[in-house]
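Letter by letter, the chains look like this.
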Amino acid sequence: MTPEQEATVNASARSIFAAGLAILVFAGLSAAQEPYQAPPQDVVDIVDAPPTPVVSVSPDGAWMTLTDRRAYPSIAQLAEPALGLAGIRFNPRTNGDDQPPLGTAITLLRLEDGREWQIELPADVQLTYPFWSPDSRHLAFTNTVADGVELWVASVDSKQAERLIGAELMAASGWPCQWMPGSESLACQLVPADRGAAPEMPRAPVGPTIQEAAGRSAPVRTYQNLLTSPFDEELMDYYFTAQLAIISLNGERQLFREPAIFADIDPAPDGAHLLISRVVRPYSYLVPVYRFPQEVEVWGHGGEEVHHVASMPLAENVPIGGVPEGPRNITWRIGDTHTLVWLEALDGGDPKAEVEFRDRIVLMQPPFDGDPIEVGKTELRTYALRWTERGSLALAYTYDRPTRQTKTVVLDVAGPQLPSRIIWDRSAEDAYNNPGSPIMTETESGKYVLLLSPDRRSIYLTGSGSSPEGDHPFLDRYDLTTGETERLWQAEDSYYEFVVELLDPDGSKIITRRESKTEPPNYFVRDLESGSMTALTDIKDPAPQLTGIHKERINYVRADGVDLTGTLYLPPGYEEGTQLPTVVWAYPREFKSARAGGQVRGSEHRFTFYRGYSHLFFLTQGYAVLDGASMPVVGEGDVEPNDSFRDQLVMSAQAAVDALVEMGVTDRDRVGVGGHSYGAFMTANLLAHSEIFRAGIARSGAYNRSLTPFGFQNEQRTFWEAPEIYFAMSPFMHAHKINEPMLMLHGEADTNSGTFPVQSQRMFHAVKGLGGTVKLVFYPYEQHGYRARETVLDALYQQFTWFDKWVKNAQPREQAATDASGSN
């Protein structure tokens, strides 16, 4: 990017931000930009503690990597140039993600003896987490530099890393490289060598931007960073077009055909064919790039087109909760050299259509000159297929959103074909009866398949092990022939421990991640036959200052009989019987049964990390915190959960505060509520429709559901189908009822669907205009979650000062009412 082009991008970003501030000023709001603030130094020290490393085990189970990372980027890094096109934000100077990677160092650990080697890397690296070659001999990772993204490869033999590709990777629209079968090369997307300079915006438009509808229903969710003009289309062609290349480990390159915008590149198991999905015009101004038209083709290793698989049209007209018509989820069948498999809707992609079967599963065999072979049908919508290594069996995972029903179907695709059969049929909301997820293993061709037992009859399952006593993760062996389940291992009562990897096919030796209330997560090798346990890591507590925190799960019941839970934290040195100012933090979830809504999820035995702008930092300021307070929204039978959303929120919140007061830990007159995203939406609703809390904190929320008219969260009805529900649920429509102080935080560059920054701007305007007490903090360059160290510290400062003023130091309600009456 030239200095002139960078100046144009930065000027555009500044003008967008200035326009947002101008909206505030025009609306009669007081807006000012202030220096970043910081919380007390003891909190800063905890924030700055190094995070725990990211762990990855090699496919053969012989090696482990530990990748160290920075806690946060700086605001200067986030202020790098950024563009948003077709639903993607990226850095036009680096052709990479607009959020800088945080990896700083890689340690290689041999599992056999625990010996460690530090991979030598350049200073000031910005690494992505490494990914293993299928043969476990090499690691690949990217490094972001000032003018682009590089590819590096490290060898487990030499313990050295070398740069394989300079700042040429095209990583703007997704992950740029993947290993090829055989582990001797990688398929990468490169910036075209002859790309030239970026297009310049014309001084004067050639005409208006026109969109047109032809009378066909086209409901879409609210997306951000979409294309808005023909010039945006030019920018998309420029920044997303890539040259596909196969890069060998010695640096040799094989370029494939002409550059294109690639939606997906999938090497066949034989390594001699590629499944290519290319994005083509016409582009859309309504949906992100993954719903643009695509041409799906099979290419040979020389780049020639072997077979045209499908032309996938623009998906603007897909029903809410539906899928496109025609082939979808096209991929290679495991066990064959290059046989294709895909799903097709039998209901037109419409979840409201009444049909016997929703989907069919088909195969297309080489030389691709015959008709697709149907190998199975599913009653519910299929969302995933899991294959055995030989490709003879597959598990089809299916789901029905209206009923929350899920069924897992076994398909036998080997001849002679056997009828499909359902092995699990349950409510997806039923955590207690979740059989777990199958353990997958990587083949030599780089494909992930079901890990089978040595007799090839059984698969292995891991799950959370939810129960009324909390989560106790497990490892099971499930016999696909008899349907019998054998429990091989389960976490102890006082620990939270889960399986990371199986080290042998009979399931007798595993790697686990183990933690407790007082012990940070570490990795261990467990021998299930001998019962021995060997530590692989020795990660220390990053915040020993908070060792004295009290943590316990509490159970309570709301007025309509639904069971609720939450995790109560009390600050170090707490004296029993002391009533503390309290923060209730929550996130509502919808359920189709009260039984499922009342189930216990999570574990009180997990180690508590204090990261980012977490509400748990209130413990350092003398508050009690009820974290994850249950806010189930239940609608049974034909009744939808949101039909009584407000009433159920208030009941849940009242039950939580009553329980805390009854325990003697909470002063009823000093309770605040908060949440992030849908939790912010919850917070504003609770302040509008109850008098339970003295103040609230709402981060990155949406408050006016008419701005998300084609559904939101799990609400599938449109605004025009249920206008009364949209109105009742929108705290913006009830802003006149918000008589408690509300702090609102929002990222200026929030890309989350539905939580446009204007949601907070308009809510602030409404509450202020109606005489309420409200503060809006708008963070430059931040998205739905906040990343920069300066922002993190400021967010903690803002939250502390707000609740200190309006919760911790709040007058008793009777006194506050008397004072207010006297002032009038």
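Residues numbered from 1 in each chain as written. Predicted model: local features only at pLDDT ≥ 70, side-chain atom pairs only at ≥ 80, totals over all residues. Heavy atoms only, no water.

Student: In this structure, what is going on with the overall build of the protein chain? I would like to understand it.
Tutor: In terms of helices and strands, the protein chain carries eleven helices and 46 strands. Taken against the 2.2 N^0.38 rule, which gives 28 Å for 824 residues, the C-alpha radius of gyration of the protein chain at 28 Å falls within 12% of a compact globule. Across its three principal axes, the protein chain shows a C-alpha extent of roughly 85 × 75 × 60 Å. In the protein chain, which comprises 824 residues, the share counted as buried stands at 56%. For the protein chain, the proportion of contacts with a sequence separation of at least 24, taken over those separated by at least 6, is 59%. Working note: accessible area of the protein chain is about 34800 Å², and carbon and sulfur atoms make up 49% of it. Averaging the coordinates of the 69 positive side-chain charges in the protein chain and doing the same for the 109 negative ones gives two points 3 Å apart. (Helix = DSSP H or I, 4+ residues; strand = E, 2+ residues; numbered from the N terminus. Rg over C-alpha atoms; globule rule 2.2 N^0.38 Å. Buried < 20%, exposed > 50% of the residue type's maximum accessible area, 1.4 Å probe, protein only. Contact = heavy atoms within 4.5 Å. Areas by Shrake-Rupley, 256 points an atom, 1.4 Å probe, with all protein chains shown as cover. Lys, Arg positive; Asp, Glu negative; His and termini not counted. Charge placed at Lys NZ, Arg CZ, Asp CG, Glu CD.)

Student: Looking at this structure, how should I read the environment of Ala728?
Tutor: Mapping Ala728 onto the fold places it in helix H8 (residues 723-729). The class for Ala728 is partly exposed, based on a relative accessible area of 25%.

Student: Honestly, the side chain of His615 in this entry has me stumped. Any pointers?
Tutor: Checked against the element boundaries, His615 lands in the loop between helix H5 (594-597) and strand E41 (624-629). You can call His615 buried: its relative accessible area is 10%. A polar contact is formed between the side chain of His615 and the side chain of Asp627, at a distance of 2.7 Å. Residues within four places of His615 in sequence aside, it is in contact with Trp585, Val625, Asp627 and Arg699. (Polar contact = N/O pair within 3.5 Å; in protein donor to acceptor, adjacent residues only side chain to side chain.)

Student: Looking at this model, I keep getting lost on the confidence of the model for the protein chain. Mind explaining?
Tutor: Detailed conclusions should not be drawn from predicted coordinates in areas where pLDDT is low. Across the protein chain, the average pLDDT comes to 92, with 95% of residues at or above 70. Across residues 2-29, confidence stays below pLDDT 50; counting only partners more than four residues off in sequence or on other chains, it has 31 contacts. (pLDDT = per-residue confidence, 0-100.)

Student: Would you mind going over the pattern of salt bridges with me for this structure?
Tutor: Proximity of charged atoms lets side chains of opposite charge pair with each other. Summed over all chains, the structure comprises 44 salt bridges. The salt bridge partner of Arg328 is Asp359, with a shortest N-O separation of 2.6 Å. On the criterion of sequence distance, the pair formed by Arg328 in strand E19 (residues 327-332) and Asp359 in strand E21 (residues 359-364) is long-range, its members being 31 residues apart. As far as burial versus exposure is concerned, Arg328 and Asp359 are alike and both buried. A cluster of three or more residues bridged by salt bridges with shared partners is formed by Arg328, Asp347, Arg358, Asp359 and Arg381. (Salt bridge = Lys/Arg side-chain N within 4 Å of Asp/Glu carboxyl O.)

Student: Help me out: how do you make sense of the nonpolar core in this one?
Tutor: Across soluble globular proteins, nonpolar side chains show a tendency to be buried alongside one another. In this structure, Tyr556, Leu626, Leu686, Phe693, Met742, Met744 and Met763 are the most contacted members of the largest nonpolar core, which totals 52 residues. In this structure Phe693 touches Val584, Ala653, Val657, Val671, Gly672, Val673, Leu686, Leu687, Glu740 and Arg813, once residues within four positions along its chain are discounted. Ranked by size, the runner-up nonpolar core spans 38 residues in total, among them Ile88, Tyr238, Phe240 and Val279. (Core = buried A, V, L, I, M, F, W, Y, C linked by side-chain atoms within 4.5 Å.)

Student: Before we go on, may I ask you to explain the pairing of strand E31 (residues 474-479) in this structure?
Tutor: On a regular strand, each side chain points to the face opposite its neighbour's, so the side chains alternate between the two faces of the sheet. Of all the six residues making up E31, five are buried; the element is thus mostly covered by neighbouring parts of the structure. As defined by bridge partners, strand E30 (residues 458-463) adjoins E31 across six bridges and the pair is classed as antiparallel. Bridging from a neighbouring strand, Ile459 pairs with Tyr478 of E31. Relative to strand E32 (residues 485-490), E31 runs antiparallel, the two sharing five bridges. Residue pairing across strands places Phe474 opposite Gln490, the latter belonging to E32. Taking the residues between adjacent antiparallel strands as the criterion, E31 and E32 are bridged by five residues, where Gly483 takes a positive phi near 80°. (Pairing = 2+ DSSP bridges.)

Student: Explanation requested: the state of the cysteines in the structure shown.
Tutor: Disulfide: a covalent bond connecting the sulfur atoms of a pair of cysteines. This model, assessed by the stated rule, comprises one disulfide. Each sulfur in the disulfide pair Cys177 and Cys188 lies 2.2 Å from the other. Torsion about the S-S bond of the Cys177 and Cys188 cystine: about 120°, corresponding to right-handed handedness. Here Cys177 is found in strand E12 (residues 177-179), whereas its partner Cys188 is found in strand E13 (residues 185-190), with eleven residues between them in sequence. For the residue pair Cys177 and Cys188, the accessibility class agrees, reading buried in each case. (Disulfide = S-S within 2.5 Å.)

Student: Honestly, unusual backbone geometry in this entry has me stumped. Any pointers?
Tutor: Negative phi is the rule for most residues except glycine; trans is the rule for most peptide bonds. In the segment running from Arg281 into Pro282, the intervening peptide bond is cis, with an omega of 10°. Topologically, Pro282 is positioned in the loop between strand E16 (273-279) and strand E17 (294-300). Going from Pro366 to Pro367, the amide bond is cis rather than trans, its omega being 10°. Position of Pro367 among the secondary structure elements: in the loop between E21 and strand E22 (373-378). Within the chain, Gln713 stands out as a residue other than glycine whose phi angle is a positive 50°. You can see Gln713 is positioned in the loop between strand E44 (695-699) and H8.

Student: Please clarify how helix H4 (residues 230-240) should be interpreted in this entry.
Tutor: Counting buried positions over the eleven residues of H4 gives eight, a clear majority of the element. Those residues of H4 that sit buried are Phe231, Asp232, Glu233, Leu235, Met236, Tyr238, Tyr239 and Phe240. For H4, the secondary structure elements touched by its buried residues are strand E3 (83-85), strand E4 (88-91), strand E14 (242-248), strand E15 (253-267) and E16.

Student: I would appreciate a short explanation of helix H9 (residues 757-769) in the present structure.
Tutor: Counting along an α-helix, one turn takes 3.6 residues, and residues three or four places apart therefore face a common direction. For H9, with 13 residues, the first-to-last C-alpha span of 18 Å sits near the 18 Å given by 1.5 Å per residue. Of all the positions in H9, only Pro757, Gln759, Ser760, Gln761, Met763, Phe764, Ala766 and Val767 are classed as buried. Downstream of H9 by one or two residues, Gly771 has phi in the positive range, about 90°. (Expected span 1.5 Å × (residues − 1).)

Student: Hey, could you run me through the sheet that holds strand E36 (residues 533-535) in this one?
Tutor: The pairing of strands in a sheet comes from backbone hydrogen bonds and takes either a parallel or an antiparallel form. The antiparallel open sheet is built from four strands, whose spatial order is E33-E34-E35-E36. Every interior strand has two partners, whereas the edge strands, strand E33 (496-502) and E36, have only one. Strand-to-strand, the axes of this sheet are offset by a mean angle of 30°, without reference to chain direction. Both strand E35 (residues 522-527) and E36 contribute to a ladder of three bridges, which runs antiparallel. By the bridge assignment for E36, Phe524 is matched with Ala535. (Axes fitted to C-alpha atoms, helices over the stretch in contact; angles between N-to-C directions.)

Student: Mind showing me how you'd approach the packing of helix H6 (residues 645-663) against helix H7 (residues 678-689) here?
Tutor: When two helices pack together, their arrangement is given by the angle between the helix axes and the distance between those axes. Between H6 and H7, the least distance of the axes is 10 Å, while the angle of their chain directions is 85°. The angle between H6 and H7 places the two elements in the roughly perpendicular class. Within the contact between the two elements, H6 uses Phe645, Arg646, Leu649, Val650 and Ala653 and H7 uses Tyr678, Phe681, Met682, Asn685, Leu686 and His689. For the contact of H6 with H7, a count of residues per class yields eight nonpolar, two polar and one charged. (Parallel < 35°, antiparallel > 145°, perpendicular 65-115°, else oblique. Nonpolar A, V, L, I, M, F, W, Y, C, P; charged D, E, K, R; others polar.)

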